[in-house]
Every structure is written in C-alpha cells, then in structure tokens.
Amino acid sequence: MENLNLLLRRLLDSEIDFVLIGGYAAIVHGASQVTHDLDICAVITEEQLIKLKSALRDLEPKHRMNPSVQLSLDDFPVKGKSIDNYYLRTNAGVLDILKDVSAVGDFQKLKSNANTIRIFGHECKVISLDDLIKAKTAMTRPKDKSVLEELLIVKQKLLKNRDHFIETAKTKTFNIFVTRTIDKNQIEAIFILVDAKNDSLKFEILLDIEKLRNFAQNLKSFPNHNHDHIEIALASLKNERIAFSAKVVDLNGRCELKLELKEIKKFKPGMMFSKVISTEPSLLNRLGQSIETWSNHPSDNFSFNL
Amino acid sequence: MNTEKDSLNSILSNTDHDLIDFNLSLPYEERLMNHQRSLDTINELLKAREQIYGKPESSTSTPS
C-alpha cells in the first residue's frame, strides 16, 4: 500500500542530504494534484547509499526500470560502483532519486535555492516554488502541465498576500506568543498580523534570547533626550522569509536588532502586529525593560503596547 | 506563444481556487497528511475498479 509519508519520514530520519522535488514538493507548496511517487534530488555517495539502504531496509526496495530483472537495492549498485539516478519501487511506494533537475540545475543549485520546512520532527529542504515552476514548465506531460497551472496560482496568491501584508502593517501594538522552547538560547514564537478586514497572517519566528538581551542592554545606553525615534517594522521579504527589525535611531548612531521570520501561514483570528514609530522618550525604556524582563523568562508571553 | 501572464490570466479565469486556498491555509505537515488520505482513497477506488473490470495491463511508471 502506498504510503509516501512513511517513505519521506524514513528519508528524514536517516539524515540523507536531499531536496524534495516533483509532485510531493508541489503538495508542500499548496497544489492539490495527487501524486503516486516520491521524488528527491540527491547525490548518492557511498555514505548516502548506506543511509538509503538503512532507511528502506524493510521496504524491499527494487530497481524498477527493467521489468524483467528488478534488482534489489542491496544487490545493485555493487560496492565501489555508483549510479546517478535511482528509480526504486518499495513496499511503501515509488521513490525516484535524481542527481539533478533538468531546466534548473544540479543538486547544489537546487539546495542553495531550496526552502527549509519543518515536518515530521525534522528540517526538510524543498525545491523552491520558482525552481519547481521552471522544472514543470520544461516538462510536456499533461499531468505536469496541470500541476504547473496550480503552482502559478499559488505563486500569484503568495505575492498578493505579501503585498497586502506590507500595505496593512499599520496597527499599533505587537505581541509575541511563545510556542516552544528549543533550547536555552532559542525559542520558537509567533507574531500574528490582522489587517482591517480581519484577515490574518501568522508568522513563526525563532528568537535568539541572547540577541534580545543585548538589544535591551544597548537600549539602556541611549540617553532619553538623544533618541530620534523607535521603529519596529518589516525590513524585507524574500521567499516567505521576513526579516524583522527593531531599531532605535539616535543622534549617536543606532541600535538594531534583526529577527528572521520562518514562514507565512494563514491564521484566524489574530492579534495586532505593527510598525511602531514613536518619539516618546519613555517608550524606549519601557521597550528595553519589557524585552529584558521577558528574556529572563522566555516561557512567558511577551507583549508590548504603545 | 502565450506569455506567462496571458497563460496565467487564462488559468485564473477558469480554475477553482478554493482547493488551493484551503491547502495554503494548512501547515505543511497537514498538506502531506491530506494528500496521503487522498492517495488512500484513490487506491481504494482503483481496487474497486479492478474487482469490476479486472487488472489493467501493467506498465512501468515513468520517472517524473
């Protein structure tokens, strides 16, 4: 029985270095077309082959391209030999491993552009939406055209969401909700943006506690009467990752903190997130104190209001 | 030959966006779980078809 999620979990558990491509990557990006196989891009060295065999150990992996002689993965390739691509059939479904993707490039190229998502308890690299669109554009099969249509729609929706978000980041408070403590230096948290139409976007972020503490300490060194304004705003948006910066502009220079947001998801309902601009001198001290207090107790929620 | 923009406009006017909107509202893991459920359903339907019409001629699936 096909269980592509099981196959993917096995690959992630075995720590093979790969980029998810093909129809499954399209599903990750939001397409709806059902696929019957799992495609990945990877360079299968001897070390990777050992991991691959371990990952598929009880799934009876066989090379499927020659219907009359379907060699087991254990038997081929033989030690010391390597092959570029693997077309396997397993008890959990079909797994294709390609060393490159036509129209896009080799594994390193794919990997450098890839999105990293968190699934099944692991970080998983997925071919970027743009690369996947390129790859599907170069294919001629009707099913690839069909997936391409959906991916183009996904892309347009993401661009529209991003523009909409940038336009509507104008409210006056922001809240960070802690969702998970990763280790003593990092926590996972969320920002939620609500726009005037009550349409919400949720942003997951990783917060570096040390950076926050340093930021709060630096804020203390800014004399109240010298500060120009405090600005907490979107800095840039690229491939669903948003750099968020909090900075104080001062006549003596500036104190800046950058936080990188992980991904965008829709969420309802939401809290307010904002661009905060103020020339209120006491705001600086309050922000610094809020951050410092919270960074000592990162399991608590952090909030800061104008 | 259509530009990407022309093709997209044509697709947008003819395609139901609700399923894509729904998928985009889900976390990644849920998208994959949803897909597996769909795959399971399709496989059950294929089995049912085999019971009625017999097994189709086997073919090696084309690498994608």
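A separate point is the overall build of chain B. Counting its secondary structure elements, chain B contains three helices and zero strands. Its helices and strands in sequence order give chain B the pattern α-α-α, from N to C terminus. By residue count, 23% of the 64 residues in chain B fall in the buried class. With an accessible surface of roughly 4600 Å², chain B has 51% of that area assigned to carbon and sulfur atoms.

The partner chain A presents 45 residues to the 31 residues of chain B that form the contact. Both faces combined, the contact of chain B with chain A buries some 3500 Å², and carbon together with sulfur accounts for 62% of it. Inspection of the chain B/chain A interface yields zero salt bridges. Where chain B meets chain A, there are nine residue pairs in polar contact (both at pLDDT 80 or more). Of all the elements, helix α3 (residues 28-53) of chain B adds the most residues to the side of chain B that touches chain A, at 13 residues. Split by residue class, the side of chain B that touches chain A holds 13 nonpolar, twelve polar and six charged.

All names here are of chain A. The sheet built from seven strands is open, its strands ordered β3-β4-β5-β2-β1-β9-β8 with mixed pairing. Looking along the sheet, the strands with just one partner apiece sit at the ends: β3 (62-63) and β8 (115-119). Here β8 pairs with strand β9 (residues 122-126) via five bridges, running antiparallel. Each residue of the ladder has a partner; that of Arg-118, found in β9, is Glu-123. Most of the contacts of helix α2 (residues 22-29) go to strand β1 (residues 19-21), to which it runs at about 95°, and overall it touches β1, β2 (37-41), β8 and β9.

This brings us to the confidence of the model for chain B. Residues and elements named next belong to chain B. Confidence in the prediction of chain B, expressed as mean pLDDT, is 75, and 62% of residues score 70 or more. Within chain B, the element-level pLDDT minimum falls on helix α1 (residues 4-14), averaging 55, and the maximum on α3, averaging 91. Scored as a complex, the prediction yields pTM 0.62 and ipTM 0.72.

Residue and element names in this part refer to chain A. With 55% of its residues at a pLDDT of 70 or more, chain A shows a mean pLDDT of 73. Mean pLDDT across the secondary structure elements of chain A bottoms out at strand β13 (residues 227-238), with 44, and peaks at β1, with 97. Within the model, pLDDT remains below 50 along residues 194-199, and this stretch shows nine contacts once partners closer than five positions in the same chain are excluded. Across residues 232-244 the pLDDT falls below 50, and counting only partners more than four positions away or on other chains, this stretch makes 47 contacts in the model.

Residues and elements named next belong to chain A. Enumeration over the complete set of coordinates arrives at twelve salt bridges over all chains. Here Asp-17 makes a salt bridge to Lys-125, at a shortest N to O gap of 3.7 Å. Taken together, the positions of Asp-17 in the loop between α1 (4-13) and β1 and Lys-125 in strand β9 put the pair 108 residues apart, joining distant regions of the chain. When its relative accessible area of 24% is taken as the criterion, Asp-17 is described as partly exposed.

Below, the discussion takes up the packing of aromatic side chains. Counting across every chain of the model gives zero aromatic pairs over all chains. For the cation-ring pair, A:Arg9 lies above A:Phe120, with the distance from its terminal atom to the ring centre recorded as 4.1 Å.

Cut-off values and rules
- Residues numbered from 1 in each chain as written.
- Chains lettered and ligands numbered in written order.
- Predicted model: local features only at pLDDT ≥ 70, side-chain atom pairs only at ≥ 80, totals over all residues.
- Heavy atoms only, no water.
- Helix = DSSP H or I, 4+ residues; strand = E, 2+ residues; numbered from the N terminus.
- Buried < 20%, exposed > 50% of the residue type's maximum accessible area, 1.4 Å probe, protein only.
- Areas by Shrake-Rupley, 256 points an atom, 1.4 Å probe, with all protein chains shown as cover.
- Contact = heavy atoms within 4.5 Å.
- Buried area = accessible area lost by both parts, 1.4 Å probe.
- Salt bridge = Lys/Arg side-chain N within 4 Å of Asp/Glu carboxyl O.
- Polar contact = N/O pair within 3.5 Å; in protein donor to acceptor, adjacent residues only side chain to side chain.
- Nonpolar A, V, L, I, M, F, W, Y, C, P; charged D, E, K, R; others polar.
- Pairing = 2+ DSSP bridges.
- Axes fitted to C-alpha atoms, helices over the stretch in contact; angles between N-to-C directions.
- pLDDT = per-residue confidence, 0-100.
- Phe/Tyr/Trp six-rings, centres within 6.5 Å; stacked < 30°, edge-to-face > 60°.
- Lys NZ or Arg CZ within 6 Å of the ring centre and 35° of its normal.

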